[in-house]
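Each chain, written out:
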Amino acid sequence: MDIYERVEIFYKSVKTEKVIIGKSVAGRNLYAVKMGEGAPVGIAQYAIHGREYILARLAFLHFEQGLAKGSCWLIPLANPDGALLSERGLSSVREEKEKKRLLAMNDNKEDFSLWKANLRGVDLNVNFAAYWGKGKKNLRFAGSENYIGEKPFSEPETLALKKFTEKIHPDYTLSYHTKGEEIYWYFYQSMHTCSRDKGLALALSRSTGYPLAYARGSAGGYKDWCIQKLSIPSFTIEAGGEKFPHPLGEAGLKDIMAKNARALYDLSDAIWQEGLL
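Keep in mind the model is a prediction, meaning the values are calculated, not measured. (Residues numbered from 1 in each chain as written. Predicted model: local features only at pLDDT ≥ 70, side-chain atom pairs only at ≥ 80, totals over all residues. Heavy atoms only, no water.)

A look at the packing of aromatic side chains
Enumeration according to the criterion identifies 18 aromatic pairs in this entry. Here the aromatic rings of W73 and F164 are separated by 5.4 Å at their centres, their planes lie at 85 degrees, and the arrangement is edge-to-face. Taken together, the positions of W73 in strand β4 (residues 71-75) and F164 in helix α5 (residues 156-168) put the pair 91 residues apart, joining distant regions of the chain. Ring centres of F187 and Y188 lie 4.9 Å apart, and the angle between their planes is 70 degrees; this geometry places the pair in the edge-to-face category. With a relative accessible area of 43%, Y188 lands in the partly exposed category. Directly above the aromatic system of W132 lies the positively charged group of R140, at a separation of 5.8 Å from the ring centroid. The ring of F153 is capped by K162, whose NZ or CZ atom sits 5.4 Å from the centre of that ring. (Phe/Tyr/Trp six-rings, centres within 6.5 Å; stacked < 30°, edge-to-face > 60°. Helix = DSSP H or I, 4+ residues; strand = E, 2+ residues; numbered from the N terminus. Buried < 20%, exposed > 50% of the residue type's maximum accessible area, 1.4 Å probe, protein only. Lys NZ or Arg CZ within 6 Å of the ring centre and 35° of its normal.)

Section: unusual backbone geometry
With omega at 0 degrees, the peptide bond leading from T178 into K179 counts as cis. Mapped onto the elements of the fold, K179 is located in the loop between β5 (172-178) and β6 (182-184). The omega torsion of the bond from H246 to P247 falls at -15 degrees, within 30 degrees of zero and hence cis. With respect to the helices and strands, the residue P247 is situated in the loop between β8 (234-239) and α8 (250-260). With a phi angle near 55 degrees, D107 is a residue other than glycine that sits in the positive phi range. Relative to the elements of secondary structure, D107 occurs in the loop between α4 (96-105) and α5. We classify D107 as exposed; its relative accessible area is 60%. Phi is positive for Y131, close to 50 degrees, though the residue is something other than glycine. Turning to its location among the elements, Y131 is positioned in the loop between α4 and α5.

Focus on the pairing of strand β3 (residues 41-46)
The element β3 is extensively covered by neighbouring structure, given that 6 of its 6 residues are classed as buried. Burial of the side chains of β3 extends over both faces: V41, I43 and Q45 are buried on one face and G42, A44 and Y46 on the other. Where β3 lies against β4, 5 bridges are found, and the strand directions are parallel. If you follow V41 over to β4, its bridge partner there is S71. At this point the chain moves from β3, through helix α2 (residues 56-65), to the parallel β4, and the crossover so formed is right-handed. Bridge analysis of β3 against β5 gives 5 bridges, and the strand direction is parallel. Across the sheet, residue Y46 finds its bridge partner in β5, namely Y176. (Pairing = 2+ DSSP bridges. Right-handed = clockwise from strand over helix to strand, strands pointing away.)

What to know about the side chain of N106
Checked against the element boundaries, N106 lands in the loop between α4 and α5. On the accessibility criterion, N106 (11% relative accessible area) is buried. Residue contacts for N106: discarding those within four places in its chain leaves D111, F112, W115 and S144. (Contact = heavy atoms within 4.5 Å.)

Pasting the structure below:
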């Protein structure tokens, strides 16, 4: 069973509010499920990079754990096409023309296990309108990673996440990536919001055991856009130790589950305790 099938089964099984927020390049559903009720309201998105598909299963655990306060929308697989390309290779692609195009972007290598981008070779986490195109590693051509796209929100996956976020008006967001065991929380906030966000980031640090870090030279991410455009606390957690190779497998997942099981629960509690609504 591949990761997209797992997410479909999870989506169909939950009895809470749920919605398909959009479609991927290949027409696959982008699923979101809600847990809890009331404020604070959060959005947690996982696996926006293809090779990080194992993180969708962390979303299942977070749903089981629930929240201390409020509600949160979980988007387990923000990049289903990229995830399946990493997990299953070209067998996940139907059209021969598309397979040839992807091979060309991948230096004619049939191993797509390290693929991060979507099916058009756009790295979705540099496709948001937050200093778009100004990241240190940004590329102007399609490939497995770091290509910013033709313009912000050029991709159906990022546009769907943007529109859904604007519709929900969350009080906070959390993005899960692998790997490195760090928490990114800063993106040129004002002094007031910087103090607020660092306090919440420290709550995440206590929950996971991961230190805070600054992604110097990074731009165009979902976290960045939420901070800059929506002025809400937004965090990226790089889960999984460096000893585990990409893409992380069962051993890496076990470690991630152990350290991140209570992250959303503790974050919602910290926001409630601080009265940051």
